[in-house]
Amino acid sequence: MSRSTLSLLTILLVAVLTGRNSAHASLFSAVPKCLKCPDDPSLPIGCLKNIIPPWPICLFHDVDYFRRVALDGATRCCDGEDAAADMSECRCPKKDTAKFVDSIGDWCKGVASCPTDAKGGSEVDATIASE
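None of the values given here were measured: they were computed from a predicted structure. (Residues numbered from 1 in each chain as written. Predicted model: local features only at pLDDT ≥ 70, side-chain atom pairs only at ≥ 80, totals over all residues. Heavy atoms only, no water.)

This part takes up helix α4 (residues 98–112). Because an α-helix completes one turn every 3.6 residues, residues spaced three or four positions apart along the sequence face the same direction. The end-to-end C-alpha distance of α4 is 22 Å, a good match for the 21 Å that 15 residues give at a rise of 1.5 Å each. Residue Ile104 marks the point of greatest curvature in α4, where the axis turns by about 40°. Every buried residue of α4 is accounted for by Phe100, Ile104, Cys108, Gly110 and Val111. Summarising the contacts, the buried residues of α4 are in contact with α2 (45–51), α3 (63–77), β1 (78–79) and β2 (82–83). (Helix = DSSP H or I, 4+ residues; strand = E, 2+ residues; numbered from the N terminus. Expected span 1.5 Å × (residues − 1). Bend = angle between axes of the 7 residues up to and from the residue. Buried < 20%, exposed > 50% of the residue type's maximum accessible area, 1.4 Å probe, protein only. Contact = heavy atoms within 4.5 Å.)

In structure tokens, the structure reads:
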């Protein structure tokens, strides 16, 4: 990637990240949808906050995919709205770190507020595994 292209991408990234909270937010209101994280106003804010990964990872899939993956992970890492007592099934590579242990309870509560879909668990698992 050329230096000028990298500079333009950096400027665009800064504009997107700072545009919402600045007095000049209207200047960045025309940011292309393809550069924004997906959103679904029909889902509770606690659900969205916990299932959508940070930018730019959020650009790779839609809300439904992230919701299915989070619900799938919650079956291994959560007991309802609480962190699971036994984390041996949890696949997160950072499950033994203090930051993970401190935040998993809030994540579980957020994911528990997400609606489940009509598919059975095995179909959801197979879909996620294939993607």
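Let us look at unusual backbone geometry. Apart from glycine, the bulk of residues carry a negative phi angle, and the bulk of peptide bonds sit in the trans form. Residue Pro56 is bonded to the preceding Trp55 through a cis peptide linkage, with omega at 5°. Secondary-structure assignment places Pro56 in the loop between α2 and α3.

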